[in-house]
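Report on the structure
Residues per chain are reported as follows:
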Amino acid sequence: MKLDAKIPSGPLKEKWEKYIADSKLVNPTNKRKYDIIVVGSGLAGGSAAATLAELGYRVKCICFHDSPRRAHSIAAQGGVNAAKNYQNDGDSVYRLFYDTVKGGDFRSREANVYRLAQVSSNIIDQCAAQGVPFAREYGGLLANRSFGGAQVSRTFYARGQTGQQLLLGAYSALSRQIGLGTVEMLPYTEMLDLVVVDGHAKGIITRNLVTGEIDRHAADAVVLATGGYGNVFNLSTYARNSNATAIWRAHKRGACFANPCYTQIHPTCIPVSGEYQSKLTLMSESLRNDGRIWVPKKVGDKRAPGDIPEDERDYYLERKYPSFGNLAPRDISSRAAKQVCDEGRGVGETGLGVYLDFEDAISRLGESVIRERYGNLFDIYKEITNENAYEVPMRIYPAVHYTMGGLWVDYGLMSNLPGLFVLGEANFSDHGANRLGASALMQGLADGYFVLPNTINNYLAGQLGNRPSTDHASFDEVEDEVKETINHFLNNKGKRSVSSFHKELGNLMWTYCGMGRTKEGLTKALELIPQLREEFWKNVNIPGEEGEWNQSLEKAGRVADFMELGELLCRDALTREESCGGHFREEHQTGDGEALRHDDEFASVFAWEYQGKGKTPLLNKESLEYENIQMATRNYK
Amino acid sequence: MKVKIKVWRQKNQESKGGFKVYDSPELNSNMSFLEMLDVINEDLTDQGEEPIAFDHDCREGICGTCSLVIDGKPHGPHQGVATCQTYMRSFEDGDIITVEPFRADPFPIIKDLVVNRKPFDKIIQAGGFVTVRTGSAPDANAIPISKEVADTAMDAAACIGCGACVAACKNASAMLFVGAKVSQLNGLPQGQAEKDNRVLNMVAAMDEAGFGNCTNQYECSAVCPKLITHDFISQLNRDFVAATVRKSFKSKPSTAKL
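Residues numbered from 1 in each chain as written. Chains lettered and ligands numbered in written order. Predicted model: local features only at pLDDT ≥ 70, side-chain atom pairs only at ≥ 80, totals over all residues. Heavy atoms only, no water.

Attention shifts here to the overall build of chain A. Helices and strands together make up the secondary structure of chain A, namely 17 helices and 19 strands. In summary, chain A has a C-alpha radius of gyration of 24 Å against a globular reference of 26 Å for 637 residues, a match within 12%. A total of 637 residues make up chain A; the buried ones form 67% of that total. Per element, the accessible surface of chain A, about 20,800 Å² overall, is 47% carbon and sulfur. Mean positive and mean negative side-chain charge positions of chain A (73 and 81 charges, respectively) differ by 1 Å. (Helix = DSSP H or I, 4+ residues; strand = E, 2+ residues; numbered from the N terminus. Rg over C-alpha atoms; globule rule 2.2 N^0.38 Å. Buried < 20%, exposed > 50% of the residue type's maximum accessible area, 1.4 Å probe, protein only. Areas by Shrake-Rupley, 256 points an atom, 1.4 Å probe, with all protein chains shown as cover. Lys, Arg positive; Asp, Glu negative; His and termini not counted. Charge placed at Lys NZ, Arg CZ, Asp CG, Glu CD.)

As structure tokens, then:
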């Protein structure tokens, strides 16, 4: 398949303006004739649904939560980037663009990232106007903090709850439209498949989680804003119910899945404490502004941190990356933590942890300043570990946090399936092989508030009257398949719970496709995953019934999709014979253990095309052309 | 450690529920309360019994999905945390722990411990927003807001919409929830234009959904996982009275919902 990104011609700075100027428009009286389905109500979905409805389209927004306020965007702590240069520290649209492309290890699409940097300022304006209580200075102007991978302070924040406040902003805009009757909101509703009619995405099949009812929804366009697929690893910082079902089913209906192996392992999470663990909790990267990361110099040093003298501590990030220090990007910091733990210098009971120490910051600034900046994070840490981080250093370890890969989209955020748009973490386009901190919120809101509302019209303008009826044969077919799967699960009566399979898959993924990946390990994973999947379908046990609330059944569908997606993830990781960003192939590293890219062969997007059950997916490539910057080896030293 | 849980089981909204007692397997005191329910559910599944339905998602105290009344207290024994942030180290070996759903008429039980909190969304839809069309906002620094005002707005905005305030209140009042949102937006310059309509419409939606009135016992703020202060209820009352008075002086009071 030829993947056409449809990037507008002309200078980088003028591409977005040109795109908008050249776009087809839908006149106001026609807008109300279009139905758009938005799946997901996080930052991207919520902001898109609200904005499309404001424009006059008829919007149906669905989410599996009880309320559109719950999506996992809410858990983002640190902040949102924008090229406002309020700090007068040399920031600009170009610098935010460059930092993001460099942070992504030169594996993102230049034009998309530049546009993201361009609209970043509007996001802050929009959210401030909604009443989002951003942190302020005494003069009443907005405050900023710095974040990993940047040498300017461009991150706007609302205490340690920025994601919550931005999401509640989008939720308030969405709620206003629901109240006005322009958005039909369907909570407790899970998308179980995509309906494609004559090659265009024209509808979805859903299950009502309360009643078990299977419903058909036809539309002129379908927007997926369903987040990332990190729960393929089972243990992650994602919400427990986050899943890949919507994007995976869309993939199986023809949408290409791009760069699945680009997964982000966040360096500052609370370490795993036992087998029973259901999720990992992130300690915001913002802590690295003031915390110093270290391990003992000596292997197997079991002394309490306070008993280890200064000259026997290894502040390894400061040592290895003096100019970025503790603010080195996430992929680099995570790998460095893994290295010191592999050397046997990890701390805590399991040896899988490093210290994040605030002693210096507290003696420099006083405890009250640290409390003001990070109080809620220290509280979270205390609740989980029962330790007081004002007195003893935090213990942290990397954990799966974000997925840069996702469905392939063109410059207008449309997938290769016409009529299917993909926003936020669910698409692949802006973060390359590694995402910088405070850029996820930026991208979700950019896509939903400012990009999609200016691109969807290009598709819709030619589609008036093409919306099929839900009686169309394609709906029958897809609904039958959905029901068949559900019946299989409920009648299978096997011996193992869904969770036990999820856990096993997660362990497998983390072992063979986690922070360090090898040809041998990935080949092994590609043998083991299909075996596990086969056992899953034969031996899974789902109690309960169909026509009612059934959490085991919900989870079974999601884990079934993870089983397939996990395999594609490993295949992608095996095929990408280089290291870049969050994808680290141990065979490809520099003498001092840094990621070694092979730009001549791999400066491209890998977009996988589904070929049918049991068949090897087809690899399509979109080559990444950098017209405005030179690809370079990332250097944070 | 091991515990017994005495837990509310109810097949659906129409059926009559009742308590059932289950023994936990061996637990680790560092487990979260929800992880304890996970392992009991694994046992139940293996024994062919339906697992206990309970709401949860982020498991880090921010999404507001988890609920549960644990030994009579919404969100369990500790102040300032949600159920998902409650750990087994807060209980003793051999404890019998009672686990119930949030109980309030406006929150019908869907199954076991899961309740429907849709009326909260209805209240926000009635006025919990600033009307600002995407793309029409002025530069964010064009409206300076003093740090104190912004901080107070943030204190109010920290609400996670879990409904514990309602579950704790003998009147099933939602006034802490409504007060927090009204105080956040009415306290900021951006929220001034719609100040009166906001409070009147939100209170009307609250009443319509069947939530009771506040009789100043403050169980709500005592159980709030975000420790939202009941001062915001006073603010709500003040804004409500002021808006009512101002409306009464207008020749044609607007009843249009925004």
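The subject of this paragraph is helix α5 (residues 110-130) of chain A. All names here are of chain A. Helix length check: α5, at 21 residues, gives a terminal C-alpha distance of 31 Å against a target of 30 Å (1.5 Å per residue), a fit within 8%. Of all the bends in α5, the greatest measures close to 35° and is centred on V119. Counting buried positions along α5 yields 19 of 21 residues, so the element is predominantly enclosed. With its phi angle positive at about 95°, G131 sits one or two positions after the end of α5. (Expected span 1.5 Å × (residues − 1). Bend = angle between axes of the 7 residues up to and from the residue.)

The next point concerns the sheet that holds strand β18 (residues 604-609) of chain A. Residue and element names in this part refer to chain A. Ordered in space as β16-β10-β18-β19, the 4 strands form an open sheet in which the pairing is antiparallel. Each end of this open sheet is capped by a strand with a single partner; those strands are β16 (406-407) and β19 (618-623). Both strand β10 (residues 257-258) and β16 contribute to a ladder of 2 bridges, which runs antiparallel. Pairing of F257 across the sheet is with L407, part of β16. The strands touched by helix α16 (residues 551-575) are β10, β18 and β19; relative to β18, the strand with the most contacts, the crossing angle is about 145°. (Pairing = 2+ DSSP bridges. Contact = heavy atoms within 4.5 Å. Axes fitted to C-alpha atoms, helices over the stretch in contact; angles between N-to-C directions.)

The next thing to look at is the domain arrangement of chain A. All names here are of chain A. Domain parsing of chain A yields domain 1 (269-399) and domain 2 (473-623). Look at where the C-alpha atoms of domain 1 and domain 2 centre, and you get two points 32 Å apart. The interface of domain 1 with domain 2 comprises 10 residues on the first partner and 11 residues on the second. Both sides together, the interface formed by domain 1 and domain 2 hides about 830 Å², and carbon and sulfur atoms give 52% of it. (Domains from an automatic or database assignment. Buried area = accessible area lost by both parts, 1.4 Å probe.)

Here the focus is empty space enclosed by the protein. To locate leftover empty space, one rolls a probe as large as a water molecule over the atoms. Residue and element names in this part refer to chain A. As enumerated under the stated definition, the model contains 11 cavities of 30 Å³ or more in all. Within this model, the second largest cavity holds a volume of roughly 140 Å³. In terms of lining, the second largest cavity is formed by 13 residues, of which the most central are L192, R249, I486, L553 and G557. The set of elements that each furnish at least two residues to the lining of the second largest cavity consists of β6 (189-197), α13 (473-492) and α16. Broken down by class, the residue content of the lining of the second largest cavity amounts to 6 nonpolar, 2 polar and 5 charged. (1 Å grid on protein atoms, 1.4 Å probe; cavity = no way out; pocket = protein on both sides within 12 Å on 5 of 7 lines; lining within 4 Å. Points joined across faces, edges and corners; volume = space filled by probe spheres on them. Nonpolar A, V, L, I, M, F, W, Y, C, P; charged D, E, K, R; others polar.)

The subject of this paragraph is the sheet that holds strand β5 (residues 96-100) of chain B. Residue and element names in this part refer to chain B. Judged by pairing direction, the sheet is mixed, and its 5 strands sit side by side in the order β2-β1-β5-β3-β4 without closing on themselves. Across the chains shown, the open sheet's two edge strands, defined by having one partner strand only, are β2 (18-23) and β4 (73-74). Together, β1 (4-9), β2, β3 (69-70) and β5 form the strand contacts of helix α1 (residues 33-46), whose direction differs from that of β1 by roughly 80°.

The pairing of strand β7 (residues 200-208) of chain A with strand β8 (residues 214-218) of chain A spans 5 bridges and is classified as antiparallel. Bridging from a neighbouring strand, I205 of chain A pairs with R216 of chain A of β8 of chain A.

Opposite the 77 residues of chain B that make contact, chain A presents 76 residues. When chain B packs against chain A, the two sides together hide about 6,200 Å² of surface, and 50% of this comes from carbon and sulfur. Where chain B touches chain A, the interface holds 8 salt bridges. In this structure, E545 of chain A and K11 of chain B form a salt bridge, with 3.7 Å as the shortest nitrogen-oxygen distance. Remark: the boundary between chain B and chain A carries 43 residue pairs in polar contact (both at pLDDT 80 or more). A per-element tally of the side of chain B that touches chain A places helix α3 (residues 147-157) of chain B first, with 8 residues. Partitioning the side of chain B that touches chain A into residue classes produces 37 nonpolar, 19 polar and 21 charged. (Salt bridge = Lys/Arg side-chain N within 4 Å of Asp/Glu carboxyl O. Polar contact = N/O pair within 3.5 Å; in protein donor to acceptor, adjacent residues only side chain to side chain.)

This part covers the nonpolar core. Formed by 268 residues in total, the largest nonpolar core has its most connected members in F134, L224, L420 and I456 of chain A together with I5, F33 and M88 of chain B. Not counting the four nearest positions on each side in its chain, I5 of chain B is found in contact with K20, V21, Y22, M36, L37, I40, I52, I97 and V99 of chain B. Counting 6 residues, the second largest nonpolar core, distinct from the first, contains Y188 and L209 of chain A together with A53 and V114 of chain B. (Core = buried A, V, L, I, M, F, W, Y, C linked by side-chain atoms within 4.5 Å.)

What follows concerns the environment of G191 of chain B. All names here are of chain B. Looking at the secondary structure, you find G191 in the loop between α5 (175-187) and α6 (195-208). A sequence separation of 60 residues divides G191 from T131, and the C-alpha atoms of the two residues are 8.6 Å apart. If sequence neighbours within four positions are ignored, G191 has contacts with V130, L185, N186 and R198.

Quick look at the side chain of D193 of chain A now. Residues and elements named next belong to chain A. With respect to the secondary-structure elements, D193 resides in strand β6. You can call D193 buried: its relative accessible area is 6%. Side-chain polar atoms of D193 contact the side chain of R253, separated by 2.9 Å. Excluding residues that lie within four positions of it along the chain, D193 makes contacts with G203, I204, I205, R249, R253, V478 and V482.

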